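# Topology and contacts: notes
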2 protein chains.
Amino acid sequence: MRILRVDMASKEIRYEPVPEKYTHFSGRALIANLLLEEIPPTCDALGPHNKLIFTPGLLGGAGVTTAGRLSVGAKSPLTKGVKESNAGGIAGDSLGKMGLRAVVIENQPLRKEFYILHITAKGATLESANEYLGLGTYATSKKLEEKFGADSSIISIGQAGEFLLTGAGISTTGEKEQRSNYAARGGLGAVMGSKGLKAVVIDKPVLKTVQFVDAELFRTAAKAFAQKLLDDPKLGPQGGQHLYGTASIVGAVNEMGALPTRNFSNGNFEDSTKLRGEYMRELILAREGKVGTRCMPGCVIACRNLFVDKNGKEIVGTVQYETIALVGSNLGLDNLDDVALLNYMCNDLGLDTIETGAALGIAMEAGLVKPGDTQGFVALLNQVGEGTALGRVIGNGAEVTGRVFGIRRVPTTLGQAIPGYDPRSLKGNGVTYATSPQGADHTAGNAFGARKEVNPLGKEGQKELSLKLQIISAMLDSTGLCLFARPPVIADPQLMVDMLNGIYGWNWTKEDLDQYNRNVLRVEIEFNRRAGLTFADYRIPEYMREEPLAPHNSVFDIPDSDLDSVFEKL
Amino acid sequence: MRILRVDMASKEIRYEPVPEKYTHFSGRALIANLLLEEIPPTCDALGPHNKLIFTPGLLGGAGVTTAGRLSVGAKSPLTKGVKESNAGGIAGDSLGKMGLRAVVIENQPLRKEFYILHITAKGATLESANEYLGLGTYATSKKLEEKFGADSSIISIGQAGEFLLTGAGISTTGEKEQRSNYAARGGLGAVMGSKGLKAVVIDKPVLKTVQFVDAELFRTAAKAFAQKLLDDPKLGPQGGQHLYGTASIVGAVNEMGALPTRNFSNGNFEDSTKLRGEYMRELILAREGKVGTRCMPGCVIACRNLFVDKNGKEIVGTVQYETIALVGSNLGLDNLDDVALLNYMCNDLGLDTIETGAALGIAMEAGLVKPGDTQGFVALLNQVGEGTALGRVIGNGAEVTGRVFGIRRVPTTLGQAIPGYDPRSLKGNGVTYATSPQGADHTAGNAFGARKEVNPLGKEGQKELSLKLQIISAMLDSTGLCLFARPPVIADPQLMVDMLNGIYGWNWTKEDLDQYNRNVLRVEIEFNRRAGLTFADYRIPEYMREEPLAPHNSVFDIPDSDLDSVFEKL
C-alpha cells in the first residue's frame, strides 16, 4: 500500500510506501493520526499548513458489502478541530483497489488557481481546472466523465468550495449517473477549495480487490457479515431501511419530539406525515422513480432512492433523513418535492444540507424568508452560487449566519450545525454533539437507535451510551463501513477482527480492535486540545438549556460535569 | 458610593451600596472582578447572562485632570473574553460626582425592544426608545439633549448596536456640541443593543466633586500631577500631543514601517505626509476649525480637534491616529477629508473605526472596492446603516468579513482587529496584541513610546516590555486616567497613591498599587481561561509570521514560548 502526496504549491506529485507509523491506519484513524503528526494544530484551516486527506477505510477495496466509504479529512474551518467526513460512491473502493491508503493534498497555490488531479493505475497528474470553474458538482462531474470516461470516479466541489465557504462539502460520484454522495460536514469543501483543487478523477481500477494475507479467513467472515445484514429485520430486504431509506425514521423522530422544526423551535412538525419515508416510497414508486438503490456497489441495505417529479424526471438522488429534517421541517416545508429541489441545489452548489438547512433556518428567523416559502429558500441558495454577500453568509453556515444577523438561536456545537435530532428530546445525541471531537454530527454516536434502552428525555445513562456509540463510530469510520451496517459487528466484533486479519494478517484480538477504536478518539481529542478547543467549546448552545422544546417542554439538562467526564473511561 | 443595577427583563431598578468585595474596584478593575464573580464565563455574550457595566475610574468625579474616563465593560462578543473599553466625555465624571461606582445592566427584554435609561440625582427610570430607533448616535444624542437638557451626558448606540453587530461601539457626549467619544472596542455596542438599551442619559450632577477622606493629601498630589503634565515637553502646551493630537505619530509610525497600509500589506504608505498630524493642524487652522480641544473638562493635554471642511463646516470632531491608520492608509486613502468623512460615518452608525477599518480593508482585498475609492467605502458604510447583508458583514468586523469572503489576511487577535501598528515592525505591540486578555488593543500595552528603549524589530526584551506596559494600562484603565497622562505616574507612582489615599483613605503603599494593577490582569486572565480561551487564541495571525512586511521585510517572529510566558512574572 502507498500514499500519494500532492503539493499544490510546487505541483510535485509523489508516491511513498505507507510509513511504518501509519501501518494500521486508514479512514478516520489515518486522518486523526496524520493530522496530529504532520500539521500544526493551531494552523489556519484554509492556509497552506492544513492537509486534505482522501482515504478509504481499512476494508476499502476488499469487496466487503456496505464498506466502500471514502473518508475525507482535514482540520475543519468550521469546528477548528479534526474532521473526518465520509461518503458513499465508488471512490473509496477504487482507491483501495489501486493500493492507495490515502491521497494527501498539501500546501496551496500562491495565487488563486484551480486544478484537476487525475489518478490512474500508472500515476497521477495535475491539470488546469479553468474550464470547470464556476460549475456545480453535477456539471463538473458530467464534463469530467466525458473527458476521462464514464467509469471513472469523480470527487468534486461546487461554487461553495471555490468560494471557501465553510458550509461546503465534497461530492463523490457513484456508479453510472449517480452524482450526489457527500462528504458533507465540517466545511471540507472549503479546504479543498483552499488547496486549489476543483476535482479528483480516479480511473476505474484494474484489480478486482486488494491482496489478502489470509483470503479464506477474510471470505468466511465477509460472507457471514453480509448474510447477517441480509437477515437483519430492519436492514434486510424487508427492513424499513431498505424499503424507506433513512427517511424511515421521520415518524419516530417526530413522535419523540426531536424533529427540528422551524429553526429548532419545536420538536414536532404538524405536517410531518408528508415527509415520512413511507409516504416518500409511495410517491416515488407512483412516479416511477427508484427506491432501494445503492450508493456503493454490492451494498445489501440499499437505502438510496432516486426522487423524481410528477413527470418522472429526476430531481435528486437521494433524499435522506437529515436533509428532510434540516431543509424540510426545520424550514417549515411540508412538501417532498420542495425538499428534493433544495437538496439538489445544495448538492450541485457543493453545500452540506445539514449546515445549509440550519443556516436557512436562521435566515428565516431573521425575517429574510418565511417558513415554508420554498421560492424564498431557492432564491437564497441561488445567491450562494452567485457569490453575493448574503449568499456567502448562508454558505458559511449556521454560526456565521447567526452572527451576521444577530440571532441567538443558533443550533451548533463546535461551530457546526446540529443535525436532525433536537438534543433537548434526544439527550444522548446532545451528549455526542457536545463532546464528539467531530462537533455536532449524526454519525459520531447517534443515540436514536438506543431510544428503547436509554430514555431519550432522561439524564441517566446518556454519557455512558454516548461513549459506547462514539467508540463504535470510530471503528465504522476507520474501516469504511456504513453506519447502518453496524449491527452485525456490534453483535459479533470477531467478524470485523477476522476480516481485518484476513486482509492484513495482523492477528488482532477483539481487545486490539477495541483499543484501536478508542485510540482514534484519544488522538482526535488530543489534536483538538492542541488546536485550543476546551470544555467551553464542548457545549450545547445556551438557549437549548433554557428554552423548553415542545411537545415535552424539555431542555437540555445533562450537567456539564457529565459532558466533561464522557471520556473518563475511554 | 453605590451601584445602580437595572434588570432589562423585569425593568426593576435598584441601588445598592458598593458590596464589600468590590470596595477597591472601579473602572477596569471593577469590570474584571464583577464579571468573574457574577456571570458564567462561557455565557453567550449577547444573551441574558452577560452584564454591561458603565463605571468611572477610581479618580472619577474627583476633578483630577485627564482622569474622567468612562469605562464600559462586558464579556465581548468579539473576543469571547473580558472586555473593558473606555471613553472621554463627561459621563465618567458625572457618575463619580453622583456617587455611582457603576451602572450594571443585567438580563435582556424577552422580545426585541429598546429603552432609554435616565439617571438623575434622585433616581433612575426606563422609558421607551421607540422614537430613537434607527437613528445614528448624532441624532440620538441631539434629540435626547433637547428633551433632557443640553448639559446632560448621553451614552448611546447607533444602528450598528441595534443590529447587534460585533463591530459596534458605544458613543458618549462631551461638553456642549461634542459627540463622538468612543468606548469603541470589543463590540460592546452590540452588548448594549442586546440589552435593549438605546441610550443612557445622565443628568448634570449637583455636587462639584466626590467627598475626600483627606482632601489636603489629594489636592497636593492632584496639583503636582497636573503641573507635571503641563511641564512635560511632549504633553504640555508646546508638546506634539497638544499641537498635533494623537496624529502626531503618523510620521514616526510610517518611518518605522509599521503603518497599516492597504490591509496590512505594507508598513509604509507612500502618501503618509498628507495624513500627518502636522499637516492636519495646518489644514484645520487654515479652515478655521479647532485644534487643542478637550474630550474631558480640565484636561491639560487637549489632544482633540474639530475637523472641518473647506467651508469651515464640521465634518467630525475628532480625527485621531488609529482612525487615520485604519480607515486612511489601511484603505489606501491619502486625503484627510475622506478619512474624516468615514470617521464621521462610523461614529454616527456606532461603529469602532479600528474594527471597521480593518473590515473594509478585507472587503477591499476581496475586490468589493478599490484602494483609495472613498465613495466605495462610503457606500459600504451606508449599507451598514441600511442593515443589508453586506453591511451587517462589514459591521461585524474583520474576522467575520474575512470568513464570509474567504480572505486569509485577517489582522486580528482574539477575534478583534489589530490597531494602527503592524506587529511585524513593532513587535512589542505584537506581544501585547497576542497576550492581552483584552485582545488586540492599542491601549492595552502600547510599545510605540518605548521604541528607543527596545528595538521594535528585535526579539529581545519584547515580552518584558509588554508585561510592564500591560500592568501600567491596568492602572490607567482602573483609575480613569487617559493613556497619554501616564508619564507623571510612571515616573512617580506615589502621586497616584496619594490621590487615591486622599479620596478613599486606604493608606495604600506603592507596592499595594502595583499589586492592585497586576491583580486586574490576573482576574482577567482567569476569566478568559474559564471562558475557554487558550494559548491557541493568544496568537498573532499565521500570515503575519510568514508574509514579510515591507519596508523591513520583517515577520512576526517572537517565539510562542515568549508569548506563553509573558505573565510568568505577573
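Residues numbered from 1 in each chain as written. Chains lettered and ligands numbered in written order. Predicted model: local features only at pLDDT ≥ 70, side-chain atom pairs only at ≥ 80, totals over all residues.

## Thoughts on unusual backbone geometry
All names here are of chain A.
- Note the cis peptide between glycine 317 and threonine 318, where omega equals 20°.
- Along the polypeptide, threonine 318 turns up in the loop between strand S15 (314-316) and helix H10 (321-327).
- Phi at lysine 80 takes a positive value of approximately 65°, unusual for a residue other than glycine.
- Summarising the element assignment, lysine 80 is placed in the loop between strand S4 (70-75) and strand S5 (82-87).
- You will see that glutamate 288, though not glycine, has its phi angle at about 65°, which is positive.
- Inspection of the secondary structure assignment puts glutamate 288 in the loop between helix H9 (277-286) and strand S13 (290-293).
- You can call glutamate 288 exposed: it has 10 C-beta atoms within 10 Å. (Helix = DSSP H or I, 4+ residues; strand = E, 2+ residues; numbered from the N terminus. Buried ≥ 20, exposed ≤ 12 C-beta atoms within 10 Å, placed from the backbone.)

## So, the relation of the copies chain A and chain B
- Each copy of the sequence occupies a distinct position, and chain A is placed on chain B by a rotation of 180° and an axial shift of 0.0 Å, giving an RMSD of 0.0 Å. As the rotation angle and translation indicate, the two copies are arranged about a two-fold axis.
- Of the residues that chain A buries at the interface, 100% are likewise interface residues in chain B, meaning the two copies contact each other through the same surface. (Least-squares fit on C-alpha atoms with pLDDT ≥ 70 in both. Contact = placed C-beta atoms within 7 Å.)

## Side note on helix H13 (residues 374-386) of chain A
Residues and elements named next belong to chain A.
- Its 13 residues place the ends of H13 18 Å apart at the C-alpha level, agreeing with the 18 Å of an ideal helix rising 1.5 Å per residue.
- Listing the buried residues of H13 in full gives Phe377, Leu380, Leu381, Val384 and Gly385. With its buried residues spanning 155° around the axis, H13 presents them on a single face. Those residues of H13 that are exposed and angled more than 90 degrees off the buried face are Gln375 and Glu386.
- Next to the buried residues of H13 lie helix H4 (159-162), helix H11 (336-349), helix H12 (353-365) and helix H14 (389-395). (Expected span 1.5 Å × (residues − 1). Arc of directions from axis to C-beta.)

## Some thoughts on the interface of chain A and chain B
- Between chain A and chain B, the contact holds 27 residues from the first and 27 residues from the second.
- If you list the elements that add at least two residues to the side of chain A that touches chain B, you get H14 and helix H15 (398-405) of chain A.
- For the side of chain A that touches chain B, the class distribution of residues is 13 nonpolar, seven polar and seven charged. (Nonpolar A, V, L, I, M, F, W, Y, C, P; charged D, E, K, R; others polar.)

## A few points about the pairing of S5(A)
Residue and element names in this part refer to chain A.
- Judged by how many residues are buried, S5 sits mostly within the fold: six of six residues are covered.
- Where burial is concerned, the two faces of S5 agree: the one with Val82, Glu84 and Asn86 and the one with Lys83, Ser85 and Ala87 are both buried.
- Bridge analysis of S4 against S5 gives six bridges, and the strand direction is antiparallel. For leucine 70, the partnering residue across the bridge sits in S5 and is alanine 87. (Pairing = 2+ DSSP bridges.)

## Regarding the sheet that holds S15(A)
Residue and element names in this part refer to chain A.
- In spatial order, the strands read S13-S14-S15; together these three strands make up an open sheet with antiparallel pairing. Looking along the sheet, the strands with just one partner apiece sit at the ends: S13 and S15. Strand-to-strand, the axes of this sheet are offset by a mean angle of 35°, without reference to chain direction.
- Where H9 meets the sheet, its contacts fall on S13 and strand S14 (304-308), and the angle it forms with S13 comes to roughly 115°.
- Here H11 sits on the sheet in contact with S14 and S15, set at roughly 70° to S15. (Axes fitted to C-alpha atoms, helices over the stretch in contact; angles between N-to-C directions.)

## Some details on the environment of Ala531(B)
- Here Ala531(B) lies in helix H20 (residues 510-531).
- Judged by the 25 C-beta atoms lying within 10 Å of it, Ala531(B) is buried.
- Between the alpha carbons of Ala531(B) and Met499(B) there is a distance of 35 Å; along the sequence they are 32 residues apart.
- Other than its neighbours up to four places away in sequence, Ala531(B) contacts Ala536(A), Pro41(B), Thr42(B), Lys80(B) and Gly81(B).

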